[in-house]
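Descriptive structure summary
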Amino acid sequence: MRSYRLLTTASLATLFVALSGSAVVAAPAPNTAAAAKADSATVTTAGGPQKAVRLANGERLELMSDDTRSGSLFRVLPADNADRAGRYAYASVGGTLRVQPEGHSAQAMKLTTGARVAAAATANTYPVKLTIASAVAVNSKMLYLWDRQTWASYLVKDEEFTPNGSVQLPAGDFFAVALYSRPGAGSYLLTRTFQVTNAGTTVRFEESAARETRIAVDEATARRQNSAVWISVPSGGLAGFAGGGAEKVYVTPFSLAGVSLRLHELLIKQGASEYVPSPYRYDLYHSFDNTVPANPVAQVATAGLARTVTSFRGQARNTNGWLMTVPATGDWTGVYLPSPVAIPGNITEYVTPNRSFQRLLSYRYLAHDLTLKNRALPAGTAAGETIGAAPFAPRPSDAATSGRDNATMWIYEYPSLSDAAGNLGLDNDAKVSVTLKSGWDTYASATGLSPYQPVSATVPTAAAVYQLDHTVTRAGSWSRLSTEVRSEWRFLSAAIPYQSRLPLVDVDFAVAGLDAQNTAGAAPVRIDATATSRRWDAIPTLTGLEYSTDDGATWLALPVSGSEDRASVELTLPSTVAFVSLRATAVDDFGGSLRRTVIRAFAGPASQSDETVGGTKVSNVVVNGGSPLVLTPSGARQFNAKFTATDPSGIADGDVYLYRGSYRNPDRVLVSGSPAVCTRVSATTATCQATFRVDPRLSLGKNALAGVWQVAVRAHGKDEKSFTDRHAVASISVRHHAKLTTSATPKSVRKGKTITVKGALTQANWENGAYSGYGGQLVTLQFRKAGSKKYVTLKKVRLDKYGKVSVKVKGSASGYFRLVFAGTSTTAAVTSSSAYVKVKK
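Residues numbered from 1 in each chain as written. Predicted model: local features only at pLDDT ≥ 70, side-chain atom pairs only at ≥ 80, totals over all residues. Heavy atoms only, no water.

All right, on to the state of the cysteines then. Per the stated rule, a full pass over the model turns up 1 disulfide. In this model, Cys-678 is linked to Cys-688 through a disulfide, with the two sulfur atoms separated by 2.1 Å. Torsion about the S-S bond of the Cys-678 and Cys-688 cystine: about 110 degrees, corresponding to right-handed handedness. With a gap of 10 residues between them, Cys-678 in strand E56 (residues 677–680) and Cys-688 in strand E57 (residues 685–694) connect regions that are remote in the sequence. (Disulfide = S-S within 2.5 Å. Helix = DSSP H or I, 4+ residues; strand = E, 2+ residues; numbered from the N terminus.)

Our next topic: the layout of surface pockets. The calculated volume of the second largest pocket comes to roughly 510 Å³. The set of elements that each furnish at least two residues to the lining of the second largest pocket consists of strand E7 (96–101), strand E10 (142–147), strand E11 (153–154) and strand E12 (157–158). Split by residue class, the lining of the second largest pocket holds 10 nonpolar, 9 polar and 5 charged. (1 Å grid on protein atoms, 1.4 Å probe; cavity = no way out; pocket = protein on both sides within 12 Å on 5 of 7 lines; lining within 4 Å. Points joined across faces, edges and corners; volume = space filled by probe spheres on them. Nonpolar A, V, L, I, M, F, W, Y, C, P; charged D, E, K, R; others polar.)

A few words on the pattern of salt bridges. All told, the structure shown has 32 salt bridges when counted by the stated rule. Measuring nitrogen to oxygen at the nearest pair gives 3.0 Å for the salt bridge that ties Asp-551 to Arg-600. With Asp-551 in the loop between strand E45 (540–548) and strand E46 (556–558) and Arg-600 in strand E49 (residues 593–603), the pair connects residues that are 49 residues apart, well separated along the chain. According to the relative accessible area criterion, Asp-551 is partly exposed, its value standing at 34%. The closest approach of N and O atoms between Glu-611 and Arg-600, which form a salt bridge, is 2.3 Å. (Salt bridge = Lys/Arg side-chain N within 4 Å of Asp/Glu carboxyl O. Buried < 20%, exposed > 50% of the residue type's maximum accessible area, 1.4 Å probe, protein only.)

Before going further, it helps to examine the sheet that holds strand E43 (residues 505–512). Taken in spatial order, the 3 strands line up as E43-E44-E47 in an open sheet, and their pairing is antiparallel. Lying at the two open borders of the sheet, with one neighbouring strand each, are E43 and strand E47 (566–571). Taking each pair of neighbouring strands and ignoring which way they run, the sheet shows an average axis angle of 15 degrees. As paired elements, E43 and strand E44 (residues 525–533) share 8 bridges and run antiparallel to each other. Bridged to Val-505 within E44 is Ser-533. (Pairing = 2+ DSSP bridges. Axes fitted to C-alpha atoms, helices over the stretch in contact; angles between N-to-C directions.)

Another point: the nonpolar core. Counting 69 residues, the largest nonpolar core has Leu-361, Leu-436, Phe-491, Phe-509, Leu-582 and Phe-602 as its most contacted members. When residues no more than four places from it in sequence are discounted, the contact partners of Phe-602 are Ala-390, Leu-481, Val-511, Leu-514, Asn-518, Ala-520, Val-525, Leu-573, Phe-579, Val-580 and Leu-582. Membership of the second largest hydrophobic core comes to 38 residues, among which are Phe-692, Val-711, Val-713 and Trp-766. (Core = buried A, V, L, I, M, F, W, Y, C linked by side-chain atoms within 4.5 Å. Contact = heavy atoms within 4.5 Å.)

Right, let's get into the sheet that holds strand E31 (residues 368–375). In sheet architecture, strand pairing relies on hydrogen bonds along the backbone and comes in two forms, parallel and antiparallel. Spatially, 5 strands are ordered E28-E26-E30-E31-E36 in an open sheet, and the strand pairing comes out antiparallel. What marks the edges here is a single partner per strand, and that holds for strand E28 (337–343) and strand E36 (424–427). Going from strand to strand, the sheet's axes swing by 20 degrees on average, the running direction of each strand aside. Note: strand E26 (residues 319–327) against strand E30 (residues 357–363), 7 bridges, orientation antiparallel.

Keep in mind that these numbers describe shape and distance, not what the molecule does.
Take a look at the structure:
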């Protein structure tokens, strides 16, 4: 069974495809499944999709789905710790997806879907040269060509490091596309129509004929966060650009029946960033069908758009997230475009009306993904939506589910951390264990699997009752909910000569009365549990509902009728409860049963304190080598956070993040691009390190965020029971970089005459990306006599409100003047360069 056969557009079971020239980071290898005990049964654990595929520029290409029902959707993610992906060209032609990062060669992968109309070989063909006419050299490009009658594609031979390509063509009418970019100068999507009669020809793409294409809105504060611009032809082929932020795209105007220029743009508020998300989001789509006008700019009025407010709930912790969308255009291939969102937080969305969009939400950076329901909104104000409501628990999916085909049974329960609204989800860092038994015989047993990895086994063909245990565990610095989700099924199954879903019973949970962090307060909450069955003719019954306030050590029953498929119970929690776990049991009338447990289904009203279970300890926590983190106005800065973790069983993993303010309601959090990497030192000890990337303009965005930040650390023992989760285990000072200038006049003066020393102190302004005057501070004026190495203090002076100062002193000897700023808790110390004055007798 190929692992991607179960995927659809709405699937998060990401299929990563290795590209030519890429470096591949494989998923963790699963444990070997136990040997089977009956009737030649064998167990295989599918390798699952690879965790990452890196393009030549370090970015990652992820194929989100690849099936005949939904097409091939993909996304390109930034290189490690970068804030966004750069510009890249892409094309889907003849069943092949090609992606070309700006400044790099194109790389290709085969798709199982998409247009494969390729031109048949013809006896009489003629040489055709394609060339780009540009005032600036074009060395890296992509060239595509179609027959305008059949829309069959022809493969163009690229002449590398030149603006040329060549192809052999029969007589006919053709449409050609050229794509190339210049860093900082835009991307070009040039087109030409031409004919071939009875001889070869040269086809020139004129860069000078291209015009900027975009979607313009009437909101002055909006800026482009991300975009995709592509040409679509009737055979399903397409070619265009995506990524690159606000970088411009230029296109050749044309008029050609059946061909469209499509635009998808995300706009957010100027100055917003990953850690300072925009309060609004424009998600816009426009298609120039058949004709691209001389001015290919689509004007959009905000009043004519759909408007809605979307709320994102946190998982008992603050973090950053990404909302990704792709319009459903009918094209086989599409690219998800991301924009940052605050979690928890609200965002006002302005969306092209009556256009269906497919959507994803990613917590942190590729940690927990939710596939949101497709959405098409009418113009005007629409009802809001809450995403990420707890509990996070399994939800059945028609596209990715456990099943059977004759004597082969496979277990694939990837949407194991879906939200209460039914948005299918998984945590990429979670670990899965699976056991499949019948009576005393074990047919499959595997641990340490990724959520993507199905387990298959050969089982007897005769009808039998099976026990299936499926457990998902996770631990991340950004979430404290659904740390363990366990489903224990019993079901009857026999061989049938076609694929079918296993007849499993399910239970869905929902909790009303939680806040934006999925936390209960003093008021009662309402817990709903609903039993369902994957067998269409079965009648499910909810037989039990329990809760626990001690992570499942003890359970208290809630009232359930025992004769219906659902229950709704009100519960008031004591103020001392930090977390609430839920457990439910259900049966169906075919003998199937389920017990589902969600540890830490939601948070309780008690403040979340440090936790330690077992012998796990952390020590030697150091951020940025123990030095203050001094940040300039803008530009990326990387630094490391390290700690030592110990546990009698050894260290399985760890993580670290930074927060400012209170732990429960921080002003801001900083998370690393991926969990900490823990390196084994001994059987009980590991050193763990996480790498952070901060652009103060984008990551902070507020000057008030300077000062002391706290460090939170988490580590887990290999026994899968021990852990420690500590807040404020260390701190780091985050400061503005400062500049201080000094000048002295006149440059030559007689002894005893007046010298005027002037200075100006500025500090990095993270809000406007420049240096601003730092007024009201004390600076020290110092002097070093010519020939001496020692500076002496003359006086301390206070700067004016603009950060400037002017001091008069009497000239006593030739020498050097300078100003010294000692620094504050929010701004780094700085010493000016010296100003020389010659004193004559």
